[in-house]
Amino acid sequence: MREAFREAVKAYKEGEVPVGAVVVLHSRIIGRGHNRVEALQDATAHAEILALTAAFNTLSSWRLDDAVLYVTLEPCVMCAGAIMNARINRIVFGTFDSRAGACGSRFNLPEDPRSLFNVDITSGIMALQCSKILRSFFQLKRQQQN
């Protein structure tokens, strides 16, 4: 989770919503990413999607069986779907996203019994740091708007 948080700090410094993610397979990081929505002008450039893409490229495969995704913020519906389609085994995230979260707060797609692929979820890892950087980012944005 520390590596995912380092990615979130990169996003913060770039003026992006500070979310970071890493994909780990057998104790080795095979993909990493941080939000790049503004830089790329791409609504799908979430940290999770970029980390998954990097992992696919590392393995030359879209199947990430036995991999774990660490992310600082609860994944949204889009990211949860991508994670499930990639066959990620487990999601570990820092803080809940009460507005758009799809892994336990608003929705719980990865553990929904109707889902084709289920994913284990662990939440609350480094939650204080993960929520603090988000609050700081949005406070700064509000100050800049005034």
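The shown structure was predicted, so the numbers you read here are calculated from the model rather than taken from an experiment.

## What to know about the packing of helix 1 (residues 2-13) against helix 5 (residues 127-145)
Stage number 1. Relative to each other, helix 1 and helix 5 sit at 5°, their axes nearing to 11 Å. Of the possible angle classes, the one that applies to helix 1 and helix 5 is roughly parallel. In this structure, helix 1 contributes F5, A8, V9 and Y12 to the contact, and helix 5 contributes Q129, C130, I133, S136, F137 and L140.

## Section: the packing of helix 3 (residues 47-59) against helix 4 (residues 77-85)
Stage number 1. At a minimum axis separation of 9 Å, helix 3 and helix 4 run at an interaxial angle of 20°. Viewed along their axes, helix 3 and helix 4 adopt a mutual orientation that is roughly parallel. In this structure, helix 3 crosses over helix 4, and the sense of that crossing is left-handed. Contacts from E48, I49 and L52 in helix 3 reach M78, C79, A82 and I83 in helix 4.
Stage number 2. Taken together, the residues of the contact of helix 3 with helix 4 break down into six nonpolar, no polar and one charged.

## Observations regarding the layout of surface pockets
Stage number 1. The volume enclosed by the largest pocket comes to roughly 640 Å³.
Stage number 2. Surrounding the largest pocket, 26 residues form its lining, V17, L73, D97, L134 and F138 being those nearest its centre.
Stage number 3. Sorting the residues of the lining of the largest pocket by element identifies helix 2 (37-40) and helix 5 as the ones contributing at least two each.
Stage number 4. When residues in the lining of the largest pocket are grouped by element, the largest group, six residues, is from helix 5.
Stage number 5. Here the residues of the lining of the largest pocket sort into 12 nonpolar, six polar and eight charged.

## Looking at the pattern of salt bridges
Stage number 1. Summed over the entire model, instances satisfying the criterion amount to six salt bridges.
Stage number 2. In this structure, K10 and E7 form a salt bridge, with 3.0 Å as the shortest nitrogen-oxygen distance. Of this pair, K10 and E7 both sit in helix 1, separated by three residues, roughly a single helical turn.
Stage number 3. One salt bridge connects E7 with R32, and the closest N-O pair in it is separated by 3.2 Å. Here R32 lies in strand 2 (residues 28-34) and E7 lies in helix 1, a separation of 25 residues in the sequence.
Stage number 4. Taking relative accessible area as the criterion, R32 reaches 33% and is therefore assigned partly exposed.
Stage number 5. One network of salt bridges, in which partners are shared, links E3, R6, E7, K10 and R32.

Each value, and the rule that gives it
Residues numbered from 1 in each chain as written. Predicted model: local features only at pLDDT ≥ 70, side-chain atom pairs only at ≥ 80, totals over all residues. Heavy atoms only, no water. Axes fitted to C-alpha atoms, helices over the stretch in contact; angles between N-to-C directions. Helix = DSSP H or I, 4+ residues; strand = E, 2+ residues; numbered from the N terminus. Parallel < 35°, antiparallel > 145°, perpendicular 65-115°, else oblique. Contact = heavy atoms within 4.5 Å. Left-handed = near helix turned anticlockwise from the far one by under 90°. Nonpolar A, V, L, I, M, F, W, Y, C, P; charged D, E, K, R; others polar. 1 Å grid on protein atoms, 1.4 Å probe; cavity = no way out; pocket = protein on both sides within 12 Å on 5 of 7 lines; lining within 4 Å. Points joined across faces, edges and corners; volume = space filled by probe spheres on them. Salt bridge = Lys/Arg side-chain N within 4 Å of Asp/Glu carboxyl O. Buried < 20%, exposed > 50% of the residue type's maximum accessible area, 1.4 Å probe, protein only.

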